[in-house]
Amino acid sequence: QVQLVESGGGLVQPGGSLRLSCAASGNIFGINDMGWYRHAPGKERELVGAASSSGTRNYADSVKGRFTISRKYPKNTVYLKMNGLKPEDTAVYYCSVAVYIPYASAGHYWGQGTQVTVSS
């Protein structure tokens, strides 16, 4: 099993910046993808971005150029740097981790979520 601890959410003005972090613990051997999702009121959960262990990065079109995902070893931490924040970015942000077969902790794991509010 893998446990995720998130931090960094809060209130920020439009145009401001914020950095979210997520640290994985437990049986972290074999972690592959780490990323972020968000869930805004009245909308479905959407993928914000993901980072593979090989260095590949993927971003939603709505955040590309403004958000950056990075990973830090050996603590298996993933960060989401958010610049030029807009009110539409307001949502609960969730960290996610994917572990693939044949590793013992194979599965898809989620954090508790952290609230990001963009408002003046």
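Residues numbered from 1 in each chain as written. Predicted model: local features only at pLDDT ≥ 70, side-chain atom pairs only at ≥ 80, totals over all residues. Heavy atoms only, no water.

Participant: I'd like a description of the packing of aromatic side chains, backed by residues and values.
Facilitator: By the definition in use, this model includes two aromatic pairs. Ring centres of Phe29 and Tyr103 lie 5.2 Å apart, and the angle between their planes is 75 degrees; this geometry places the pair in the edge-to-face category. In this pair, Phe29 sits in the loop between strand 3 (18-26) and strand 4 (31-39) while Tyr103 sits in the loop between strand 9 (91-99) and strand 10 (107-110), placing the two residues 74 residues apart along the sequence. We note Arg45 situated over the ring of Tyr37; from NZ or CZ to the ring centre the distance is 5.2 Å. (Phe/Tyr/Trp six-rings, centres within 6.5 Å; stacked < 30°, edge-to-face > 60°. Helix = DSSP H or I, 4+ residues; strand = E, 2+ residues; numbered from the N terminus. Lys NZ or Arg CZ within 6 Å of the ring centre and 35° of its normal.)

Participant: I'd like a rundown of the sheet that holds strand 3, residues and numbers included.
Facilitator: Across the sheet, which stays open at both edges, the four strands sit in the order 1-3-8-7 with antiparallel pairing between neighbours. Both outer strands of the open sheet, strand 1 (2-7) and strand 7 (67-72), are each paired with one neighbouring strand and no more. Neighbour-to-neighbour, the strand axes of the sheet open up by a mean angle of 20 degrees, direction not taken into account. One ladder, built from six bridges, connects strand 3 with strand 8 (residues 77-82); its direction is antiparallel. Across the sheet, Leu18 pairs through a bridge with Met82, a residue of strand 8. (Pairing = 2+ DSSP bridges. Axes fitted to C-alpha atoms, helices over the stretch in contact; angles between N-to-C directions.)

Participant: Provide a residue-level description of the state of the cysteines, including the pertinent values.
Facilitator: Under the counting rule described, the total for this entry stands at one disulfide. Two residues share a disulfide in this structure: Cys22 and Cys95, whose sulfurs sit 2.1 Å from each other. As the torsion about the S-S bond is roughly -80 degrees, the Cys22-Cys95 disulfide counts as left-handed. A residue pair is termed long-range when its members are at least 10 positions apart, and Cys22 in strand 3 and Cys95 in strand 9 qualify at 73 residues. We note that Cys22, like Cys95, is buried. (Disulfide = S-S within 2.5 Å. Buried < 20%, exposed > 50% of the residue type's maximum accessible area, 1.4 Å probe, protein only.)

Participant: Can you tell me about the pattern of salt bridges, naming the residues and giving the values?
Facilitator: Counted by the stated rule, this structure contains three salt bridges. Here Arg38 ties to Glu46 by a salt bridge, and the two come within 2.7 Å at their closest N and O atoms. On the basis of relative accessibility, which here comes to 5%, the residue Arg38 falls in the buried class. Looking at Glu46, the relative accessible area reads 31%, which means it is partly exposed. Arg66 is the partner of Asp89 in a salt bridge, and the nearest nitrogen-oxygen pair spans 2.8 Å. Within this pair, whereas Asp89 is found in the loop between strand 8 and strand 9, its partner Arg66 is found in the loop between strand 6 (57-59) and strand 7, the two being separated by 23 residues in sequence. Take Asp89 and Arg66: they sit in the same class, and that class is buried. What emerges from the salt-bridge pattern is a single network uniting Arg38, Glu46, Arg66 and Asp89. (Salt bridge = Lys/Arg side-chain N within 4 Å of Asp/Glu carboxyl O.)

That's the geometry; what it means functionally is another story.
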